[in-house]
Amino acid sequence: EETQMLDHVQDVSEYLITKLDELVEKYDFIKERRGLGLMLGLEFDHPVKPYIQKALDKGLVLITAGTNVIRMLPPFIIELVYLLKLLMKLIVNLYF
């Protein structure tokens, strides 16, 4: 069971890292992706507080790490479908 959990975390984190790296490539105002496993963050070239509040208003709980980093800490048991919802809400917050 523990091996299955570790395999799941590895698979999900690889997917999330790939998608966050795509955001870094797409948006000039996102400087880099940080972190390992499922403890990840995006560094921006400006303060992220407005994104945090907009995300919370839409049901997505994000936290900051300093003034210009959005940090994500999804649970180890997160399923891919919920990870996709997280990414979609994050992208919507970047645009609107």
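Keep in mind the model is a prediction, meaning the values are calculated, not measured. (Residues numbered from 1 in each chain as written. Predicted model: local features only at pLDDT ≥ 70, side-chain atom pairs only at ≥ 80, totals over all residues. Heavy atoms only, no water.)

### Examining the overall build of the chain
Secondary structure summary: the chain contains 3 helices and 4 strands in total. Put simply, the chain runs from its N terminus to its C terminus through helices and strands in the order α-β-β-α-β-β-α. The C-alpha atoms of the chain give 13 Å as radius of gyration, which agrees with the globular expectation for 96 residues (12 Å, within 12%). Overall size of the chain, expressed as C-alpha extent along the three principal axes, is 40 × 25 × 20 Å. (Helix = DSSP H or I, 4+ residues; strand = E, 2+ residues; numbered from the N terminus. Rg over C-alpha atoms; globule rule 2.2 N^0.38 Å.)

### Concerning the pairing of strand 4 (residues 69-72)
Across 4 bridges, strand 2 (residues 39-44) lies against strand 4 in antiparallel orientation. The residue of strand 4 that forms the bridge with Glu43 is Val69. Pairing of strand 3 (residues 63-64) with strand 4, which is carried by 2 bridges, proceeds in the antiparallel orientation. Counterpart to Thr64 in the pairing with strand 4 is Ile70. (Pairing = 2+ DSSP bridges.)

### With respect to the pairing of strand 1 (residues 30-36)
As defined by bridge partners, strand 1 adjoins strand 2 across 6 bridges and the pair is classed as antiparallel. Looking at strand 2, one finds that Arg33 is bridged to Leu42. The loop that links strand 1 with its antiparallel partner strand 2 comprises 2 residues; one of these, Gly37, has a positive phi angle of about 60°.

### Describing the nonpolar core
Core analysis: the largest hydrophobic core is formed by 26 residues, its most contacted members being Leu20, Ile30, Leu42, Phe44, Leu62, Ile70 and Leu90. Of all elements in the fold, only helix 1 (2-26), strand 2, helix 2 (49-57), strand 4 and helix 3 (80-95) reach the threshold of two or more residues within this core. Of the residues forming this core, the biggest block, 6 residues, is contributed by helix 1. Ignoring anything within four residues of it in the chain, the contact list for Leu90 reads Leu20, Leu23, Leu42, Leu60, Leu62, Ile70 and Met72. (Core = buried A, V, L, I, M, F, W, Y, C linked by side-chain atoms within 4.5 Å. Buried < 20%, exposed > 50% of the residue type's maximum accessible area, 1.4 Å probe, protein only. Contact = heavy atoms within 4.5 Å.)

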